[in-house]
Each structure stands twice: as C-alpha cells, then as structure tokens.
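Structure assessment
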Amino acid sequence: MEPVSDPRDYEPIQPRGTYWSCLWAKIWGPIICVGAAVIKLGFTFAKFFAIFVAVGGYALIWGWQFAIGIVLLILVHELGHYFEARALGLHPSLPIFIPFIGAFVAIKDDRINPWQHAKVAIAGPLVGGLGAAIVYGIGEVRSSGLLQALGYTGFLLNLFNMLPIGFLDGGAIARSFRFLRLGGAPRRAYGLGAAYLLLAGLLALGMWAAHVPQHRL
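Residues numbered from 1 in each chain as written. Predicted model: local features only at pLDDT ≥ 70, side-chain atom pairs only at ≥ 80, totals over all residues. Heavy atoms only, no water.

In this section: the overall build of the protein chain. When helices and strands are counted, the protein chain shows 6 helices and 2 strands. Listing each helix as α and each strand as β along the protein chain from the N terminus yields α-α-β-β-α-α-α-α. The burial tally for the protein chain puts 35% of its 217 residues in the buried class. Looking at the protein chain as shown, the accessible area adds up to about 14300 Å², and 70% of this sits on carbon and sulfur atoms. (Helix = DSSP H or I, 4+ residues; strand = E, 2+ residues; numbered from the N terminus. Buried < 20%, exposed > 50% of the residue type's maximum accessible area, 1.4 Å probe, protein only. Areas by Shrake-Rupley, 256 points an atom, 1.4 Å probe, with all protein chains shown as cover.)

Okay, a nonpolar patch on the surface next. Nonpolar side chains collect at one region of the surface, where Leu 198, Leu 202, Leu 205 and Trp 208 lie side by side and expose about 500 Å² of accessible area between them. Overall, Leu 205 belongs to the partly exposed group, its relative accessible area being 49%. (Patch = residues over 30% accessible without salt bridge, like charges linked within 9 Å, V, L, I, M, F, W, Y side chains within 5 Å. Salt bridge = Lys/Arg side-chain N within 4 Å of Asp/Glu carboxyl O.)

Next up on the list: the packing of aromatic side chains. Across all of its chains, the model carries 2 aromatic pairs by this definition. Between the aromatic rings of Tyr 82 and Phe 83, the centroid separation amounts to 5.2 Å while the plane-to-plane angle is 80°, which identifies the pairing as edge-to-face. Judged by its relative accessible area of 11%, Tyr 82 falls in the buried class. Residue classification places Phe 83 among the exposed residues on the basis of a relative accessible area of 53%. Lying over the aromatic face of Phe 179, Arg 178 brings its terminal NZ or CZ to 5.5 Å of the ring centre. (Phe/Tyr/Trp six-rings, centres within 6.5 Å; stacked < 30°, edge-to-face > 60°. Lys NZ or Arg CZ within 6 Å of the ring centre and 35° of its normal.)

Another point: the environment of Asn 158. Within the element layout of this structure, Asn 158 appears in helix α4 (residues 145-161). Sequence spacing of Asn 158 and Gly 170 is 12 residues, and the spatial spacing of their C-alpha atoms is 9.9 Å. Once residues lying within four places of it in the same chain are set aside, the contact partners of Asn 158 are His 77, Gly 124, Pro 125, Gly 128, Gly 129 and Leu 203. (Contact = heavy atoms within 4.5 Å.)

A few words on the nonpolar core. Membership of the largest hydrophobic core comes to 19 residues, with the highest contact counts inside it found for Phe 155, Met 162, Ile 173, Leu 192, Leu 199, Leu 203 and Ala 210. Taken together, the elements giving at least two residues each to this core come down to α3 (114-142), α4, α5 (169-182) and α6 (186-209). When residues in this core are grouped by element, the largest group, 7 residues, is from α6. Phe 66, Ile 70, Val 71 and Leu 150 belong to the second largest nonpolar core, which has 10 residues in total. (Core = buried A, V, L, I, M, F, W, Y, C linked by side-chain atoms within 4.5 Å.)

Okay, α5 next. Here α5 contains 14 residues, and its C-alpha end-to-end distance of 20 Å stays within 8% of the 20 Å for a straight helix at 1.5 Å per residue. Within α5, burial applies to Asp 169, Gly 170, Gly 171, Ala 172, Ile 173, Ser 176 and Leu 180. Those residues of α5 hidden inside the fold are in contact with α2 (64-87), α3, α4 and α6. In the segment just after α5, Gly 184 is the residue with positive phi, at about 95°. (Expected span 1.5 Å × (residues − 1).)

For the rest of this paragraph, the subject is the side chain of His 81. Among the structural elements, His 81 can be located in helix α2. Since its relative accessible area comes to 7%, His 81 is described here as buried. In this view, His 81 contacts Val 105, Val 120, Ala 121, Ala 123, Gly 124, Pro 125 and Asp 169; residues no more than four positions away in its chain are not counted.

Let's shift gears to the packing of α2 against α3. Across the interface, α2 lies against α3 with an axial gap of 7 Å and an inter-helix angle of 140°. The pairing of α2 with α3 is recorded here as oblique in orientation. Judged by the sense of rotation from one axis to the other, the crossing of α2 with α3 is right-handed. When α2 is examined against α3, the residues Leu 73, Val 76, His 77, Gly 80, His 81, Glu 84 and Ala 85 are found in contact with a partner set consisting of Lys 119, Val 120, Ala 121, Ala 123, Gly 124, Pro 125, Val 127, Gly 128, Gly 131, Ala 132 and Val 135. Classifying every residue of the contact of α2 with α3 by side-chain character gives 10 nonpolar, 6 polar and 2 charged. (Axes fitted to C-alpha atoms, helices over the stretch in contact; angles between N-to-C directions. Parallel < 35°, antiparallel > 145°, perpendicular 65-115°, else oblique. Left-handed = near helix turned anticlockwise from the far one by under 90°. Nonpolar A, V, L, I, M, F, W, Y, C, P; charged D, E, K, R; others polar.)

Below, the discussion takes up the packing of α3 against α5. Look at α3 against α5: their axes get within 9 Å of each other, and the N-to-C directions meet at 150°. With respect to α5, the element α3 is oriented roughly antiparallel. Crossing angle aside, the handedness with which α3 passes α5 is left-handed. Contacts from Pro 114, Trp 115, His 117, Ala 118, Ala 121, Ile 122 and Pro 125 of α3 reach α5 at Asp 169, Ala 172, Ile 173, Ser 176, Phe 179 and Leu 180. Residues that form the contact of α3 with α5 fall into these classes: 10 nonpolar, 2 polar and 1 charged.

Any link to function would need more than the numbers given here.
Now the structure itself:
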C-alpha cells in the first residue's frame, strides 16, 4: 500500500487578487515592441524609397531607362565608400539618396583619422569610375547609345566629385592631405596626392573617350 500523505502538508490556494503591473506589462510589452519595429522599418523604408523618388525625378528629365542607370551608377559610387569604411572597421550607414543632389554614406564613428577619411573618400570615385568604365565598355560592344551615354555621365559625375571643394570627395581628400602633410605624415600625404591626380586624370580620360552626342534617351 502507498503511504497516505499528511493532509497538513497541503497548502490551500489563496486568493491573491490581480497583479496590475504584470497585466499592463503583458498588454503593453508586445505593443511597444511592435511599435519600435514599425518605427525602425519606417526609417529604413524611407531611405530605401528615396531611391525610387530619385529615379522618378531623373526620369522626368532623361527618361526612365537613363534614370535607372544613373541611380545605379550613383549607388555603385556610394557602395565604394561603404565597403571601404567597413573594411577599415568603421560603422557606415547604407547609402541615403537625395533626389537631384546625389547620395551619401554617413560614418557613425568618431575615431576616424585623416588617413582613413582619405581612403574612404577616394574609394567612391575609384569604384564609381570602374562602374562607369564597365557600362561604357558594354555599350561599345553592343553599340548601345544608352550605355555609352551612361558611361560618359558616370565618368563626369565621379570627376565632378573629385573637385577639391566643400563636401565633395575631393574636398575631403584635400583636407586629409593638408592634415597628413602638416601632422607628421608627409609620405602618406604625397602618396595620397599622387593617387588623387592619377584617378582624376583617368576619369577625365574616360570621360573624353566616352563622349557621345547628348540627346534625350
């Protein structure tokens, strides 16, 4: 026979009332999580949607095919900045488009030094120039006036970004050159200057070679 348990060991269920704090946590916890996700996705969607706004804006001037091509070339340029920053251990944002102005990649890291800044800045025109060269080369093989014009415009935009003024890539390179030269790293400064002149020359040469009569596509 199984032993009979002592009834004194039994603890009757006691009425405990309603735990309002737990109830509110159960109700509002999921709502707050969903709301935070919606806000985060909303910002991400707004950044992504700006690409379509840019395509639409450019399409009003040059047509949808050229608009898609030029936005993709701008994206290639910005991805050059993005991946170089990632390679340096920085924390860049994904490219953000501003219709009729261009796009940019924000660096979320205050520890960036002039040498890193210069490498990130020059990576955009370098990769963008390679993208323009590929597009132009395909246009030559296929005798496509659209791709030839896109290649020419890609060279032009990347060369324009090399101007040593303001917020352009060339301006960032010029500032880094000055800091490096005066800050005890003249070899890096002169190496940066040589890379800048070489890249600008190649972009100008590509623009000259890719020139085609411009018309609405």
